[in-house]
Amino acid sequence: MANPGDKKVSFTRFTLRIFGNSVVGVILSSFFALTLGAMSDYLLVTILMTFFSLTLYCTLIYSAAWAQGNKDRNYVHYNRLREDFFRGAKAGLWAMLPYVLTSVILILVIVGAISDISFIYRILNIHLLPLINLVLPAGEPMTWWGIVVVNLYHLLIPVFSGLGYYLGYKDIALGHKLIYKNKKPSEDKKRR
C-alpha cells in the first residue's frame, strides 16, 4: 500500500522547491557577507567567505534535487513517472530565471536607460557578491562581457540540481561516501 505522505511531486513544485532552497541559500550567504564584510579587505577572508557561501548555497540546491531524484526512482520503477535524467537540470534552469531576470537592471544601466543602480543587483545576488565584484567592480563602467560572465554564475543552480537529481536517482550519496569510507577488512575477518 502506498504511503499517503509519499505523493508524486509535479515539475512545478520541484522547481519551486529548488528555487526556495536557493533563496534560503541567498539569505544564509548574505549573513556570511554581512558578518565578514567588515574584514573583506583581506584577500584570504574574501576567498574563504566566497567558498563557504557558495558551498552552502550549492549544498541546499543539491540536497533538494537529490531527495527528489531518489523519490522519482521509485516512481519510474512502478511506471508512475517517465525516466528523465535531466529533470533536475531542467528544474534548475527554470529556478535560475528570477536571478537572470535581475540582470535587466544591469542591461538598463549599460544602455543608459536608468542611472547606475547596480547596487540593487548586488543586493539581490549577495550570495555571489565577491564574484560579481571581480567581474563588475563597483564604480567602474559595466561591460557586456561582465554581464554575460555574471549570468554564468547562475548556472550553478541547474548544474547542482542536475547533479543532485541524477545522483539521487542512482542512489549515490556523496556525503556518505565522503564521511564513511570503506575500510579494508582486517585479517581476522578474512579468515572467518
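With that settled, consider the environment of A33. Here A33 lies in helix α1 (residues 11-36). With a relative accessible area of 12%, A33 lands in the buried category. For A33 and P130, which are 97 residues apart along the polypeptide, the C-alpha to C-alpha distance reads 8.7 Å. For A33, the contacting residues outside a window of four places in its chain are M49 and I126.

Another point: the confidence of the model for the chain. In this model, the chain carries an average pLDDT of 82, and 85% of its residues clear a pLDDT of 70 or more. Ranking the elements of the chain by mean pLDDT puts helix α10 (residues 187-191) last, at 52, and helix α8 (residues 156-169) first, at 95.

Let us now look at unusual backbone geometry. Despite not being glycine, N79 has its phi angle at roughly 55°, a positive value. Residue placement: N79 occurs in the loop between α2 (43-77) and α3 (87-101). On the basis of relative accessible area, N79 is assigned to the exposed category, the value being 72%. One non-glycine residue, D171, lies in positive phi territory at about 60°. Note on placement: D171 falls in the loop between α8 and α9 (174-179).

Within the structure shown, the criterion is met by three salt bridges. In this structure, K90 and D84 form a salt bridge, with 2.8 Å as the shortest nitrogen-oxygen distance. With relative accessibility at 14%, the residue D84 sits in the buried group.

Now for the nonpolar core. By size, the foremost hydrophobic cluster in this structure holds 17 residues, and its most contacted members are F14, I18, Y57 and I157. At the level of secondary structure, the elements contributing two or more residues to this core comprise α1, α2, α3 and α8. Considering each element in turn, this core owes the most residues, five residues, to α2. The residues touching Y57, leaving out its near neighbours within four places in the chain, are S22, G25, V26, S29, Y99, H127 and I157.

This paragraph deals with the side chain of T15. Here T15 is to be found in helix α1. Each residue touching T15, except ones within four places of it in the same chain, is listed here: A91, W94 and A95.

It is worth spelling out the packing of aromatic side chains at this point. For the structure on display, the rule yields six aromatic pairs. An angle of 45° between the planes, with centres 5.8 Å apart, marks the rings of F14 and Y165 as tilted. With F14 in helix α1 and Y165 in helix α8, the pair connects residues that are 151 residues apart, well separated along the chain. Each member of the pair, F14 together with Y165, is buried. Members of the aromatic cluster, each reached through a chain of ring pairs, are F14, F85, Y165, Y166 and Y169.

Over its 35 residues, α2 extends 50 Å from the first C-alpha to the last, a length consistent with the 51 Å expected when each residue adds 1.5 Å. After α2 finishes, the residue N79 shows a positive phi value of roughly 55°.

So, on to the environment of G146. Take G146: it is sitting in helix α7 (residues 144-153). The sequence separation of G146 and V135 amounts to 11 residues, and the corresponding C-alpha distance is 5.5 Å.

Cut-offs used in this document
- For every chain, the first residue of the written sequence is number 1, and numbering continues from 1 along that sequence.
- In keeping with the predicted nature of the model, local features appear solely for residues at pLDDT of at least 70, side-chain atom pairs appear and are counted solely at 80 or more, and the whole-chain, interface and lining totals rest on all residues.
- Here the side-chain values reflect all heavy atoms present in the structure, with hydrogen atoms and water set aside.
- Helix numbers and strand numbers start at the N terminus; a helix is a DSSP run of H or I with at least 4 residues, a strand a run of E with at least 2.
- Partly exposed describes any residue whose relative accessible area lies between the buried limit of under 20% and the exposed limit of over 50%, with all areas from a 1.4 Å probe on protein chains only and scaled to the type maximum.
- Contacts are assigned to residue pairs with any non-hydrogen atoms lying within 4.5 Å of each other.
- Every residue gets a pLDDT, meaning the predictor's confidence in that residue, from 0 to 100.
- Salt bridge, as applied in this entry: a Lys or Arg side-chain nitrogen positioned within 4 Å of an Asp or Glu carboxyl oxygen.
- Take the buried residues of types Ala, Val, Leu, Ile, Met, Phe, Trp, Tyr and Cys, join any two whose side-chain atoms come within 4.5 Å, and each joined set is a nonpolar core.
- Note on aromatic contacts: the rings of Phe and Tyr and the six-membered ring of Trp form a pair at centre separations within 6.5 Å, being stacked when their planes are under 30 degrees apart, edge-to-face when over 60 apart, and tilted otherwise.
- One fewer than the residue count of a helix, multiplied by 1.5 Å, yields its expected span.

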